[in-house]
Amino acid sequence: MKTPLIALLSFGGGFIGSMMSGGSMIIFSILTFAGLPIKEATGTLKVVIAALTFVSTLTYFKGGVLDVKLAPLLTISSIFGAFLGSSFFLCLSRELANFVAAALLLVGIYFTIRFSSDFGEEPKRKSRIEISIIGLLIGIYIGILGIASTLIVISALKVFFRLDMLKANGTAKMVIFLNNAIAAVNYGLQGSVDYSMMWLILIPVVAGSWLGAKSALKMGSKRLRVVFIIIGILTLLKILIQ
């Protein structure tokens, strides 16, 4: 795969991933087509996605659509959940994992369509214990399954906290960033990151991520909701036909 094509696809992955979700699929395809073994491809992907979501998080924060009261506690508890999910729980079969991911995606799409005005009310505040439990469950899902994790986190934030689409997306990016950053460190310590390929992809991904987040802010919650539904349905179809 030639360098200009890798850069273009990486930019597209960063743009789509930052605006909503799906960038990891594009980037992982680049890494596997480049001939990296699965372990190194996954480790390199974690580093790139951590960078993508870091840029997204900063951009959404500056745009005022990151829930600064909810995000820190939710993120910390999700990290513990991811550790529990990946370390202590038995892995589900591929079929069952796909079923769970598809079911959760359907719930998220349903609520997004059903409440077309983003629930028409202020965000629902919960206690620290409730936030911690929800974060823990999100982390366990990421740790065990990880399928369509950004879409699932956005869905959870909309259903449990009634955030509008922009705030749910911005807050989800922070959760995904820290979970991927920790995974990236683990892969790096194991020598499972291809740094030459990482740097080739990283710069266009960061540029695409910044532009994707900026575009999402300009689109606003109503139009971004449409993007969520489209990407959610496409992801759902991909899961079901695997």
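What counts and how
Residues numbered from 1 in each chain as written. Predicted model: local features only at pLDDT ≥ 70, side-chain atom pairs only at ≥ 80, totals over all residues. Heavy atoms only, no water. Helix = DSSP H or I, 4+ residues; strand = E, 2+ residues; numbered from the N terminus. Buried < 20%, exposed > 50% of the residue type's maximum accessible area, 1.4 Å probe, protein only. Contact = heavy atoms within 4.5 Å. Areas by Shrake-Rupley, 256 points an atom, 1.4 Å probe, with all protein chains shown as cover. Phe/Tyr/Trp six-rings, centres within 6.5 Å; stacked < 30°, edge-to-face > 60°. Axes fitted to C-alpha atoms, helices over the stretch in contact; angles between N-to-C directions. Parallel < 35°, antiparallel > 145°, perpendicular 65-115°, else oblique. Left-handed = near helix turned anticlockwise from the far one by under 90°. Nonpolar A, V, L, I, M, F, W, Y, C, P; charged D, E, K, R; others polar. Arc of directions from axis to C-beta.

Draft legend 1. Representation of the overall build of the protein chain. When helices and strands are counted, the protein chain shows 9 helices and 0 strands. Ordered by position from the N terminus, the helices and strands of the protein chain form the series α-α-α-α-α-α-α-α-α. Here the protein chain, with 242 residues, has 49% of them falling under the buried criterion. Look at the contacts in the protein chain between residues 6 or more apart in sequence, and 83% of them connect residues 24 or more apart. Summing over all exposed atoms, the protein chain offers an accessible surface of approximately 11900 Å²; the carbon and sulfur share of this is 70%.

Draft legend 2. How the structure looks around the packing of aromatic side chains. In total, this model carries 1 aromatic pair according to the counting rule given. Considering the side-chain rings of Phe54 and Phe177, the 5.3 Å spacing of their centres and the 45° angle between planes classify their relative orientation as tilted. Pair noted here: Phe54 is in helix H3 (residues 38–62) and Phe177 is in helix H8 (residues 165–189), with a separation of 123 residues, a long-range link.

Draft legend 3. How the structure looks around the packing of helix H7 (residues 149–161) against helix H9 (residues 195–240). Between H7 and H9, whose axes approach to 11 Å, the crossing angle comes to 130°. As far as their axial angle goes, H9 and H7 are oblique. Between H7 and H9 lies a crossing whose hand is left-handed. Together, Leu151, Ile154 and Ser155 of H7 and Phe228, Ile231, Gly232 and Thr235 of H9 make up the contact between the two elements. Residues that form the contact of H7 with H9 fall into these classes: 4 nonpolar, 3 polar and no charged.

Draft legend 4. How the structure looks around helix H2 (residues 23–33). Listed in full, the buried residues belonging to H2 are Gly23, Ile27, Ile30 and Leu31. Here the buried residues of H2 occupy an arc of 95° about the axis, which is enough to place them on one side. Contacts from the buried residues of H2 go to helix H1 (3–19), H3 and H9. The first or second residue beyond H2 is Gly35, which carries a positive phi of 95°.

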